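# Structural overview
Here's the letter readout for the chains.
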Amino acid sequence: MLNILENIDLTLLNTLHLKSIASHYIVLNQVEQLDEIREIISNYPKFFILGGGSNLIIPARYQGLVIHNELRGITITDFGQEKIVTAMAGENWDDFVAYCNQNGAFGLENLSLIPGTVGASPIQNIGAYGVEVKDFIKEVVVYDLQTGQLVSLNNSECQFSYRNSFLKNNSRFIVISVSFSLLTEPCLNANYGDVAQRLSSLTHPTPYDLRNIIIRIRQSKLPDPNKLGNAGSFFHNPIIPKKVAQKLCIQNPNLPIFTTPNPEKIKVSAGWLIDSLGLKGLRQGNVGIYQEHALVMVNYGGAYQTELLKFADWVQSKIKEHYDVQLNIEPIILD
Ligand code: EPU
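Report on the accompanying structure. This structure is a prediction, so every number in the text was calculated from the model and none was measured. (Residues numbered from 1 in each chain as written. Predicted model: local features only at pLDDT ≥ 70, side-chain atom pairs only at ≥ 80, totals over all residues. Heavy atoms only, no water.)

### A short note on the site of the ligand
Just so we agree on the cut-off: If a single non-hydrogen atom of a residue is within 4 Å of a molecule or strand, that residue counts as near it. Identification of polar contacts relies on pairs of N or O atoms within 3.5 Å, with a donor-acceptor requirement for protein atoms, meaning one able to donate a hydrogen and the other able to accept it, and with residues adjacent in sequence counted only if both atoms are side-chain atoms. Only the protein chains shown count as cover for residues, with accessible areas throughout obtained via the Shrake-Rupley method and a probe of 1.4 Å. What counts as a helix is a DSSP run of H or I of at least four residues, what counts as a strand is a run of E of at least two, and both are numbered from the N terminus. All amino acids are sorted into three groups, where Ala, Val, Leu, Ile, Met, Phe, Trp, Tyr, Cys and Pro are nonpolar, Asp, Glu, Lys and Arg are charged, and the leftover types, Gly among them, are polar.
Taken together, 23 residues lie around the ligand, and Tyr-129, Tyr-162, Tyr-192, His-293 and Ala-294 are the ones closest in. At a separation of 2.8 Å, an oxygen atom of the ligand approaches a polar backbone atom of Ser-233. In this structure, Glu-330 approaches the ligand through a side-chain N or O atom, which is 3.5 Å from an oxygen atom. When the free accessible area of the ligand is taken as 820 Å², the share hidden by the protein chains comes to 82%. Put simply, the parts of the chain that give the shell around the ligand at least two residues each are strand S8 (127-128), helix H4 (207-221), strand S13 (229-233) and helix H6 (270-276). Classifying every residue of the shell around the ligand by side-chain character gives 10 nonpolar, 7 polar and 6 charged.

Spelled out as structure tokens, the structure:
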């Protein structure tokens, strides 16, 4: 029997630490609870699945059911050159990366220290330092709230793209577990500027070294959510037509640009655009732009969703006005 709690404070359950109360809240920690959850969901005007709360912009009052996914467990199977590691959705992402690293299953090192849970990783196709989680996902098991069945999605069925997947903004499915195909032989991905530079100073770099380097880079650029509320990158790096990007680059030769799978589209650095207008470190009330990284919005404490979104809207309008580029918010905005 599920224990439904009322008026639960979510302020410490979202990494932006936005002040928020959920009218109803339950913990999901056994797969057997899923059918009961499916039945009770219809009693509420809305629901959402809470993982690590690291990609959410949460309202002052959530009038609905919050289902906190705390399903736990990890299994690892050795197939010679490949290890299949399966983690339940509620496992902490970075603990999982550390576990793989310690158990000789390599590939995820560049994704070290990303806040959140394993279950959230495929939803927004987390990525950092030249690696996206889609490169290693073999299968995602989801619970289909429409049919009450567990369904296995393979990599292509997840329809991964930059910070996006079939599962994003699709409330029909609850992620139950994710299986990763990892390597038994280390193969370090050092294509990203900072990472390549730091690795090159080591004679025989190992996956453990790579993980430590990534952790150090992140710690130097991104705020620790336990100390300063934030949700990592607040805006997507905009993907714009090649011709528009070329024009922007002529006017702004230092703007970092990146290729995309579509040769007609170019990804440009939102952090650079914001930084170039001198907005880094700017504070308005309880919210602001992080001193060390212009793509990160922070809550100095006490902010509500409305204050943060108003500030974000102001930043978006400045970028639009100055560069004619639309910045889109990365985390999911709940109402
Ligand atoms: N830049 C600036 N000023 C800034 C920040 C960045 O000029 O304040 C420029 C610099 O030229 C820098 C470049 O932008 O070299 C790229 O910056 P960074 O390496 O930090 O990467 P990013 O494009 O800003 C993306 C991801 C991050 C991920 C890093 C590293 C998105 C939205 N963000 O940021 O992911 O850690 O690359 O791979 O794609 C997240 O999603 O929460 C996140 C932190």
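### What to know about the side chain of Gln-33
We apply this condition: Any two residues whose heavy atoms approach within 4.5 Å are treated as being in contact.
Along the chain, Gln-33 turns up in the loop between strand S2 (21-28) and helix H1 (34-41). A distance of 2.8 Å separates the side chain of Gln-33 from the backbone nitrogen of Asn-29, its partner in a polar contact. For Gln-33, the contacting residues outside a window of four places in its chain are Leu-2, Val-27 and Leu-28.

### Section: the state of the cysteines
Worth spelling out the cut-off: In this description, the term disulfide denotes a pair of cysteine sulfurs within 2.5 Å. Using a 1.4 Å probe on the protein chains alone, a residue whose accessible area is under 20% of its type maximum counts as buried, one over 50% counts as exposed, and one in between counts as partly exposed.
Within this structure, the stated rule accounts for 0 disulfides. In this model Cys-187 remains outside any disulfide bridge; the closest cysteine sulfur is found in Cys-100, 16 Å from its own. Residue class for Cys-187 comes out exposed when judged on its relative accessible area of 52%.

### A look at the environment of Ile-217
If you trace the backbone, Ile-217 turns up in helix H4. On the basis of relative accessibility, which here comes to 0%, the residue Ile-217 falls in the buried class. Taking C-alpha positions, Ile-217 is 31 Å from Ser-20, a pair spaced 197 residues apart along the chain. Contacts of Ile-217, omitting those with residues within four sequence positions, involve Tyr-129, Asp-194, Val-195 and Arg-198.

### Re the pattern of salt bridges
Put simply, the test is: Salt bridges, as used here, are contacts in which a Lys or Arg side-chain nitrogen is within 4 Å of a carboxyl oxygen on Asp or Glu.
In this structure the tally under the stated criterion is 10 salt bridges. As a salt-bridge pair, Asp-78 and Lys-83 come within 3.9 Å of each other at their nearest N and O atoms. Close ionic contact of Arg-172 with Asp-144 constitutes a salt bridge, the shortest N to O distance being 2.7 Å. Of this pair, Arg-172 sits in the loop between strand S11 (149-154) and strand S12 (173-183) while Asp-144 sits in strand S10 (residues 137-144), and the two are 28 residues apart along the sequence.

### Let's talk about H1
Note the cut-off: Think of it as the arc spanned by the lines of direction from the helix axis to the C-beta atoms.
Inspection of H1 places Leu-34, Ile-37, Ile-40 and Ile-41 among the buried residues, and these make up the whole buried set. All buried residues of H1 project into a common sector of 125° when viewed along the axis, lining one side. Tucked inside the fold, the buried residues of H1 contact S2, strand S3 (47-50), strand S5 (61-69), S10, S11 and S12.

### Some remarks on the packing of aromatic side chains
Under the convention used in this document: Between rings of Phe, Tyr and Trp, where Trp is taken as its six-membered ring, a pair exists when centres lie within 6.5 Å; planes separated by under 30 degrees are stacked, by over 60 edge-to-face, and by other angles tilted. We call a charge positioned above a ring when the Lys NZ or Arg CZ atom is no farther than 6 Å from the ring centre and deviates by at most 35 degrees from the ring normal.
Using the criterion set out here, one finds 10 aromatic pairs in the structure. Their ring planes at 80° and their centres at 5.2 Å tell us that Phe-234 and Phe-235 sit as a pair that is edge-to-face. Pair check on accessibility: Phe-234 and Phe-235 agree, each one buried. Relative to Tyr-323, the ring of Trp-272 lies with its centre 6.4 Å away and its plane at 55°, an arrangement referred to as tilted. Taken as a pair, Trp-272 in helix H6 and Tyr-323 in helix H7 (residues 305-323) lie far apart in primary sequence, 51 residues in all. Chaining the aromatic ring pairs together yields one cluster made of Trp-93, Phe-96 and Phe-180. Lys-267 extends its terminal NZ or CZ atom over the ring of Tyr-162, reaching a point 3.9 Å from the ring centre.

### A closer look at the sheet that holds S2
The line we're drawing: For two strands to count as paired, DSSP must find a minimum of two bridges between them. To define axes, lines are fitted to C-alpha atoms, for helices over the stretch in contact only, and angles between the resulting N-to-C directions are given on a 0 to 180 degree scale.
Reading across the sheet, the 4 strands line up as S1-S2-S5-S3 and stay open at both edges, with mixed pairing between neighbours. Looking at the sheet topology across the chains shown, the edges are occupied by strand S1 (5-9) and S3. Neighbour-to-neighbour, the strand axes of this sheet turn through a mean angle of 45°, independent of strand direction.

### As for the sheet that holds S11
Ordered in space as S6-S7-S12-S10-S11, the 5 strands form an open sheet in which the pairing is antiparallel. Edge strands, defined here as strands with exactly one partner in the open sheet, are strand S6 (74-78) and S11. In this sheet, adjacent strand axes meet at a mean angle of 20° when their direction is disregarded. Taken together, the 5 bridges between S6 and strand S7 (residues 82-88) define a ladder with antiparallel strand orientation. Within the sheet, the bridge partner assigned to Ile-74 lies in S7 and is Ala-87.

Everything listed here is a matter of coordinates, which is why it stays silent on function.
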